[in-house]
Amino acid sequence: ILILFAHPRYEKSRVNKALLEGLHGQDGITIHDLYEQYPDFNVDTAREQELLLAHQIIVWHYPVFLYGPPAMVKQWIDLVLEHGWAHGAGGNHLEDKQIFATVTSGGSRESYSHSGFNRHTMPELLFPLQQAAHLCRMTWLPPYAVQGSYRLTDGMLADYGKQYRQVLDRLSQSPPLSSFKGHDFLNDWIADVNRKEQP
């Protein structure tokens, strides 16, 4: 699993620190901090493509700012997902790899709804990334989301960190794609998995 982490102010983020805290040093998980690696935005395309080839599950992990990802994510997409390599004629290097977004937002899940303040659901706002994944012949999975971040206690953040680790662990076991049907978020999917496994 390759986590492409992009947060321009990571040092101030309680939520993302809680999510990543338990992942450092975990077998099979590579945390790749894009802002730390490329403070000048000069993305090493060849290096990034090598990382993609070395992993089967890709995660775009970032905070949502004004309904989209930080600028680094767009920069990475524009440079790394090249025509002829990731898509187009001969661009099949990412075919069948799985990809999803892990996002955090100050607004609650309820506010990201058709009847809420933001008028759209979080999965709808992620459509450009979903379409980019589709163009690259990748398999798009539901997002993992931590929302209403300003109101979360330390205990709640710890629970989200545990849940995130569990999601990644389960995904590494290659569950059938049919198991994701009916779930808008990986949060709901893993909760459903846990309920079904209870004695």
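Above this text is the structure in question.
Just so it is clear, the structure is predicted and the values come from calculations on it, not from any experiment. (Residues numbered from 1 in each chain as written. Predicted model: local features only at pLDDT ≥ 70, side-chain atom pairs only at ≥ 80, totals over all residues. Heavy atoms only, no water.)

Enquirer: Looking at this structure, I do not really get the environment of glycine 161. What am I missing?
Expert: Secondary-structure assignment places glycine 161 in helix H7 (residues 154–171). By relative accessible area, which is 1% here, glycine 161 ends up buried. Taking the C-alpha atoms as reference points, glycine 161 and valine 146, separated by 15 residues in sequence, lie 9.9 Å from one another. Residues contacting glycine 161, with those up to four places away along its chain left out, are Ala18 and Leu19. (Helix = DSSP H or I, 4+ residues; strand = E, 2+ residues; numbered from the N terminus. Buried < 20%, exposed > 50% of the residue type's maximum accessible area, 1.4 Å probe, protein only. Contact = heavy atoms within 4.5 Å.)

Enquirer: Got a minute to help me understand the side chain of serine 113 in this structure?
Expert: Along the polypeptide, serine 113 turns up in the loop between strand E4 (98–105) and helix H5 (122–125). Residue classification places serine 113 among the buried residues on the basis of a relative accessible area of 18%.

Enquirer: Quick question: what am I supposed to make of the layout of surface pockets here?
Expert: Empty space among the atoms becomes visible once a probe the size of a water molecule is rolled across them. Put simply, the largest pocket is a space of about 410 Å³. Lining of the largest pocket is provided by 18 residues; of these, His7, Pro63, Phe65, Ser149 and Tyr150 occupy positions nearest its centre. Elements supplying a minimum of two residues to the lining of the largest pocket: helix H1 (14–21) and E4. The dominant element in the lining of the largest pocket, judged by the number of residues it contributes, is H1, at 3 residues. (1 Å grid on protein atoms, 1.4 Å probe; cavity = no way out; pocket = protein on both sides within 12 Å on 5 of 7 lines; lining within 4 Å. Points joined across faces, edges and corners; volume = space filled by probe spheres on them.)

Enquirer: Hey, could you run me through unusual backbone geometry in this one?
Expert: Keep in mind that most residues, glycine aside, have a negative phi and that most peptide bonds are trans. Even without a glycine there, the phi angle at phenylalanine 41 is positive, about 65°. Inspection of the secondary structure assignment puts phenylalanine 41 in the loop between helix H2 (34–37) and helix H3 (45–53). If you check the backbone angles, arginine 119 has positive phi at about 65° while not being a glycine. Locating arginine 119 in the fold gives a position in the loop between E4 and H5.

Enquirer: Help me understand the nonpolar core, please; the structure alone is not making it clear to me.
Expert: In globular proteins that are soluble, nonpolar side chains generally tend to be buried together. Formed by 35 residues in total, the largest nonpolar core has its most connected members in Leu52, Trp60, Tyr62, Trp76 and Leu81. Considering every element that reaches this core, the biggest residue donor is helix H4 (residues 71–80), with 5 residues. For leucine 81, the contacting residues outside a window of four places in its chain are Leu52, Trp60, Trp76, Ala86, His87, Leu94 and Cys136. (Core = buried A, V, L, I, M, F, W, Y, C linked by side-chain atoms within 4.5 Å.)

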